[in-house]
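Next come the chains, spelled out residue by residue.
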Amino acid sequence: LLSENYYLERALGPFTEVRRGQAVDLLKRDLAVLVYPDAGPDSPAEEQVIQKWVEGGGLLLRFAGPRLAEQSDQLLPVRLRRGGRTLGGALSWERPAKLAPFAADSPFAGLAIPPDVTVARQVLAEPDLDLASKTWARLVDGTPLVTAEKRGEGWVVLVHTTANAEWSNLALSGLFVEMLRRVVAMSQGVTGVGEGALPPLETLDGFGRLQHAPPTARPISAKEVGS
């Protein structure tokens, strides 16, 4: 239950196929999204393969952690400061920080943020001039929580906290599932939520009440919708 992969597989499983393996091996097949939880390419050769795949339309999703906080590579949307920010550290706050409302131009716009979701530690981005335009989600103090950069036809996305509950309780919330769904939907891959598919925005329950689509709701092919 401490593994990042456990949380990711539970969150992604209801609406997409999940496979584990080395990046080079996984990329030999059609792939929509490549996820790295607190890790990166094992070699410059692997980094080049991933970079080429992203530029061709792939979406690389990365999560922070102790290893990423101490070392970085070129497959990041923003420049990172050395070390993370943690309670009791030099860059800290008295209590865990909450998420700020998502901006209207964010892929997460419209998602409800549970009041009990907090972040106790994150990796910090350097305050470059284009940081604001690369920020999809931020904490109430303004520091980025999710950043992204367009690379060719694809995207590189970084969540500045862990994919498990070590640094934040985000992974324990339904918001985590909905955020991952929005990220996967941006890919041009083979998940069925890219071009030619219609992901559900709202659904009717058994009593005829309109509500936000649950995480288990699957997209429908545009070909199956009558004109």
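Treat the numbers as computed from the prediction; the structure is a model and nothing was measured.

A. Summary view of the packing of aromatic side chains. If you walk through the whole model with that rule in mind, you get five aromatic pairs. For the pair Tyr6 and Tyr7, a centre-to-centre distance of 5.5 Å together with 90° between the ring planes defines the contact as edge-to-face. Tyr6 sits in the partly exposed class, given a relative accessible area of 31%. Cluster of aromatic residues (ring-pair linked, three or more members): Phe102, Phe108, Trp136 and Trp155.

B. Representation of the nonpolar core. If you look at the biggest cluster of nonpolar residues, it comprises 35 residues, and the most contacted ones within it are Leu61, Phe108, Val146 and Leu180. Elements supplying a minimum of two residues to this core: helix 1 (4-12), strand 2 (59-63), strand 7 (135-138), strand 8 (144-151), strand 9 (154-159) and helix 6 (174-185). A total of seven residues in this core trace back to one element, the largest contributor, which is helix 6. With residues near it in sequence (within four places) discarded, Val146 still touches Phe108, Lys134, Thr135, Trp136, Ala137, Val157, Leu158, Val159, His160 and Met179. In terms of nonpolar packing, the next biggest core, distinct from the first, is built from 12 residues, Ala23, Ile50, Trp53 and Leu75 among them.

C. Layout of helix 3 (residues 44-55). When the terminal C-alpha atoms of helix 3 are compared, their 16 Å separation across 12 residues agrees well with the 16 Å that a helix rising 1.5 Å per residue should span. Within helix 3, burial applies to Glu46, Glu47, Ile50, Gln51, Trp53 and Val54. Each buried residue of helix 3 sits inside an arc of 165° when the element is viewed along its axis, so together they form one side. When the buried face of helix 3 is taken as reference, the exposed residues oriented beyond 90 degrees from it are Pro44, Gln48 and Lys52. Of the surrounding elements, those touching the buried residues of helix 3 are helix 2 (23-26), strand 1 (33-37), strand 2, strand 8 and strand 9. Trailing helix 3 by a residue or two, Gly57 shows a phi angle of about 125°, which is positive.

D. Here's a closer look at the layout of surface pockets. Approximately 770 Å³ is the volume attributed to the largest pocket. Forming the boundary of the largest pocket are 31 residues, of which Arg19, Arg20, Leu26, Leu34 and Val35 lie nearest the centre. When contributions to the lining of the largest pocket are tallied by element, the ones reaching two or more residues are helix 1, helix 2 and strand 1. Taken together, the residues of the lining of the largest pocket sort by class into 15 nonpolar, six polar and 10 charged.

About the criteria used
- Throughout this document, residue positions are counted from 1 along each chain, in the order its sequence is written.
- A pLDDT threshold of at least 70 governs which residues receive local features in this predicted model, and a stricter bar of 80 or more applies before side-chain atom pairs are shown or counted, although totals over entire chains, interfaces and linings include all residues.
- The side-chain quantities take in all heavy atoms of the structure and omit both hydrogens and water.
- Whether two aromatic rings pair depends on their centres lying within 6.5 Å, for rings of Phe, Tyr and Trp, where Trp uses its six-membered ring; planes under 30 degrees apart make the pair stacked, over 60 edge-to-face, and the rest tilted.
- The cut-offs for exposure are 20% and 50% of the maximum accessible area for each residue type, with area from a 1.4 Å probe on protein chains only; residues under the lower value are buried, those over the upper are exposed, and the others partly exposed.
- Throughout this description, the term nonpolar core refers to a set of buried Ala, Val, Leu, Ile, Met, Phe, Trp, Tyr and Cys residues connected via side-chain atoms within 4.5 Å.
- The numbering of helices and of strands both runs from the N terminus, where a helix is a DSSP run of H or I of at least 4 residues and a strand a run of E of at least 2.
- Here, residues are in contact when the closest pair of their heavy atoms is within 4.5 Å.
- An expected span of 1.5 Å times one less than the residue number is assigned to each helix.
- Here the arc refers to the set of directions running from the helix axis out to each C-beta atom.
- Cavities and pockets are defined on a 1 Å grid built over the protein atoms alone: a cavity is a set of grid points where a 1.4 Å probe fits but cannot escape, while a pocket is an open set with protein on both sides within 12 Å along at least five of seven lines, and lining residues are those with an atom within 4 Å of any such point.
- Grid points are joined across faces, edges and corners, and a volume is the space filled by probe spheres set on the points.
- Only Asp, Glu, Lys and Arg are considered charged in this grouping, and only Ala, Val, Leu, Ile, Met, Phe, Trp, Tyr, Cys and Pro are considered nonpolar; every other residue, Gly among them, is considered polar.

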